[in-house]
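# Structural features, examined
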Amino acid sequence: MIRILQAEIIKAFARPRSYIGMGSIIALVALIDVSFYFTGEEYIGLLFQSFDQVFSLEGTIINGNLITFIILQTLIIQLPLLVALVTGDLISGESAMGTLRYALTKPISRFKFITYKWITAMLYVLAILILLGIFAYLLSLAIFGPGDLLVLNADGLVVIRDSELFWRFMASFIFAFISLTTVASLSLMFSAFSDNSVGPIVLTMVVIIVFTVISSFEMSFFDPLMPFLFTNHMHLWRRLFSDPIATNEIIQSAGVLILHTAAFFGITQYHFHRKDIFQ
Amino acid sequence: MRQLIISAFIMAFSLHAIGQDANAILNNVRSKFANVNDIRCNVEMKFDIPGVAIDKISGKMIYKKPDKFRVRTKGLIFLPKQNPFSQLEILDDPTDYMAVPAGTAVSNGINCNIINVIPTNGGELVLMKLLIGIEDGRIHESELTLKREGTVQYFNTYASAEDFIPTIMEFKADFKRFKMPKAISGDFNSKPVREEEGQSKYETGRVKMTISNLELNRKVDDSEFVDEDS
Amino acid sequence: MWFILFNLSTFQLNICYVGNDSIMKNQILKVEALEKYYGDFHALKGVDMEVNAGEIFGLLGPNGAGKTTMLRMLVGLIRPNSGKVTFFGKHSLQELGKVLPRIGCIIEEPKFYPYLSGLTNLKIAGKYFPNKISDERINDMIELVGLKGRERDKVSTYSQGMRQRLGIAQAMLNDPDLIFLDEPTNGLDPKGIIELRQLIMRLKKEFGKTVIISSHILSEIEEMADSMAIINKGVCVSQGSVAELLSENIVTVSVETDDQAAAEVILTSLDFKPKKDQNALVFQAELEAIPNVVQKLINADRKIYRLDHKRKLEDYFLKLTAA
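Procedures and definitions
Residues numbered from 1 in each chain as written. Chains lettered and ligands numbered in written order. Predicted model: local features only at pLDDT ≥ 70, side-chain atom pairs only at ≥ 80, totals over all residues. Heavy atoms only, no water. Helix = DSSP H or I, 4+ residues; strand = E, 2+ residues; numbered from the N terminus. Buried < 20%, exposed > 50% of the residue type's maximum accessible area, 1.4 Å probe, protein only. Contact = heavy atoms within 4.5 Å. Areas by Shrake-Rupley, 256 points an atom, 1.4 Å probe, with all protein chains shown as cover. Buried area = accessible area lost by both parts, 1.4 Å probe. Polar contact = N/O pair within 3.5 Å; in protein donor to acceptor, adjacent residues only side chain to side chain. Pairing = 2+ DSSP bridges. Salt bridge = Lys/Arg side-chain N within 4 Å of Asp/Glu carboxyl O. Domains from an automatic or database assignment. Nonpolar A, V, L, I, M, F, W, Y, C, P; charged D, E, K, R; others polar.

Attention shifts here to the overall build of chain B. A tally of regular secondary structure across chain B gives four helices and twelve strands. Relative to its 230 residues, chain B shows a buried fraction of 44%. Once local pairs closer than 6 in sequence are excluded, the contacts in chain B between residues at least 24 apart make up 54%. Per element, the accessible surface of chain B, about 11800 Å² overall, is 49% carbon and sulfur.

Given below as structure tokens:
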């Protein structure tokens, strides 16, 4: 079993495109770190204009924790796209390359084949998140130092004490893993339906962008749609930085995402099992 | 605001004699504060600000005349823009204001004289209303009307009869409700905040500072007020 | 053939009949009434086929006849709509999991991960088998297909011939009993074709492998195959040993003499139907009839400048597929 996984990992991680996402993360984190290092105060000042009249916020607002939070918040929209770039290609890429028919003429069931592809996708997601963790969290802490986190919500602010933050970040990375697993499963599903490598990636990106745009509309017209947009649940990691923590909401959203993942995985298996391989 | 000032002036002229009594009450307050050059103490801060979730925090508070004020904590805090000793700072020079008595009131169970302080130097302050204990001559409540920040209030509690510096200072102010577009905050899951008709855009926030280990006139150095990273 | 079997445990005497095929030949693959539809298009219309162990079996047919569809079905890439396939005398298509470890294949042009070396590609292929494929076996296969020295180069740098050989190596990794090669010489230069042909012959002779080759290049099959089947428009129009099928074959004879009119009269008298084709007379005849034709022309004092006949399989193939 491990040998098949090894094969899938070699195939996925030997491709140059697997490192585009990782490179982008490093570049984006570096950019955000540098920009906050030079113009962070200005940015924070703009955000707090309405509060500034009566209260002044004292302490080190710009610290490693805030930068990590901002990076997470910024990349949470981009990360799925970077993940889809690789996971959307795992099956269709092989189909387009013609290698799929060789893999499937080996003694491995299609169920196992898809399962190993799925595990590979999960490992890629994990690799991306570990990289993000190292660069966003550790690097930002190293540059800006620790401190309380100031979270800006649409309707208020939350200040979370430094001592509370490590486990919250760890939990948010776990939640991000669950979210990105859903995205990876979605793109893998599209990948199973397609024989070209671009289609599933583009389709995944379109779904995420459209859903996210609808999520960000503050119009009551879209309110009934919200619970059905899985991207809406992906943003629930922020509730780990609320006070009190919206545990039930987070568990519920994680559950919804896991259900989506299971559904996408099931559809992938069902379709791929019946699929004729022509390419 | 203008009407308030005009009426205050009218009151000031018509009650000139009583005003002399008011000056005496304020002189009493000022004289107690005159001996204080600096303050150093521990402070525990509790926040009750709508739309802001923040835990209480402990730290050190330092104050030095004429207007240096700083609270040092290990974390983030919300501080009133007007430092808690600003009422006393205003009283420091009697030529800068006019004192008008405005009757009596009870603050926190203590009978107080109400003194309106009207600045004459055209600064940020428009009007300061002080509730000064009839018996103890200490400020129990103050209300400052400021040009930019609007009205802010301080409620002082003293642990013992001898204390001149309050043990608990509670700051209260109205501020505009915090609101930020989802696209900027990134908070896509919050329920949309939709204001109902007639609902005020303002909310009241409170910061409570409990003081302990008070030290007076320990020659606090100016460098202690400077940011560590600046 | 009738057998009498005595069961020692039950003391029963059983008399049974076993088909000749199973006794005389070791049947490795049997296909019965295999059908496939692509929407309304009937790609395979009930194909029957039998392949014996240790032979090279040619699957012939024009482009689009259904050869690749058939091979893809046999290795599980495409699901048939109906029909029965029996591998190694016992396993059905539903038991491909048990069959595939004993099968190697190249379906159409061999494809590899171009960003990986030939060696890594083979290692990856090896990881899919239930039994570990040793490094030694991989090296042996690299040597067998003549890629020694280039195995660490990226596949993207390989020529078409090298990829084809690497394909054979990956098909041989698991030491299969049955090898499917779909158009194995496609895209190869003449030297590559000869080398590959020699390699396939070695697989049969030295390693005893059964090789099923699909091709539309008739000479390839004629030269290598022991048995063959011709598929046309989704139907198996002919099947048997190459020697048997071609022995009943009629060839096209082309003859040039000093007097074509006289020659035509002679040929007509022999019940042939000669037609003029430029300077030659062309007619259909059985191979055995040619010496008699030559004799008659010589007896009539005709000088024969040229007499040849077209390749037999080509004729046979064209005859079967023309309709």
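Additional details are given in the paragraphs that follow.
The interface of chain C with chain A comprises 34 residues on the first partner and 29 residues on the second. Taken together, both faces of the contact between chain C and chain A bury some 2800 Å²; the carbon and sulfur share is 60%. On the chain C side of the interface with chain A, the three residues burying the most area are L77, K127 and Y128 of chain C, jointly 29% of the side's total. Applying the counting rule to chain C against chain A returns 20 residue pairs in polar contact (both at pLDDT 80 or more). Counting residues per element, the side of chain C that touches chain A draws most heavily on helix α4 (residues 118-127) of chain C, which supplies five residues.

This brings us to the sheet that holds strand β4 (residues 41-52) of chain C. Residues and elements named next belong to chain C. With respect to topology, four strands assemble into an open sheet ordered β4-β3-β6-β7, the strand pairing being antiparallel. In the strand order of this sheet, the two ends are held by β4 and β7 (91-92), each with one partner. With five bridges connecting them, strand β3 (residues 27-38) and strand β6 (residues 82-87) associate as antiparallel partners. Following the sheet pairing, K30 is matched in β6 by T86.

Residue and element names in this part refer to chain A. With the rule as written, the count across this model stands at 34 salt bridges over all chains. Two residues, K117 and E94, come together in a salt bridge whose shortest N-O distance is 2.5 Å. With a gap of 23 residues between them, K117 in helix α6 (residues 110-144) and E94 in helix α4 (residues 92-97) connect regions that are remote in the sequence. For the pair K117 and E94, one class covers both residues: buried. What emerges from the salt-bridge pattern is a single network uniting E8, K11, E94 and K117.

A separate point is the domain arrangement of chain C. Residues and elements named next belong to chain C. Here the domain parsing of chain C yields domain 1 (27-240) and domain 2 (248-322). Computed from C-alpha coordinates alone, the two centres of domain 1 and domain 2 are separated by 39 Å. Taken together, both faces of the contact between domain 1 and domain 2 bury some 930 Å²; the carbon and sulfur share is 71%. Among the residues domain 1 hides against domain 2, the three largest losses belong to L218, E222 and I230. Together they make up 50% of the total. At the junction of domain 1 with domain 2, the criterion picks out zero salt bridges. Broken down by element, the side of domain 1 that touches domain 2 gets its largest block of residues, four residues, from helix α8 (residues 218-224). Along the lines of polarity and charge, the residues of the side of domain 1 that touches domain 2 split into seven nonpolar, four polar and one charged.

Below, the discussion takes up unusual backbone geometry. Backbone torsion omega between D243 of chain A and P244 of chain A reads 0°, so that peptide bond is classified as cis. Among the secondary structure elements, P244 of chain A is positioned in the loop between α9 (230-234) and α10 (247-274). A cis geometry characterises the amide bond from K65 of chain B onward to P66 of chain B, with omega recorded as 5°. Structurally, P66 of chain B is set in the loop between β3 (57-64) and β4 (68-73). In this model, N213 of chain B sits at a positive phi of 50°, which is unusual for a non-glycine residue. For N213 of chain B, the position within the fold is in strand β12 (residues 202-216). With relative accessibility at 55%, the residue N213 of chain B sits in the exposed group. Of note in the backbone geometry, N217 of chain B takes a positive phi value of approximately 50° without being a glycine. Tracing the chain through its elements places N217 of chain B in the segment after β12.

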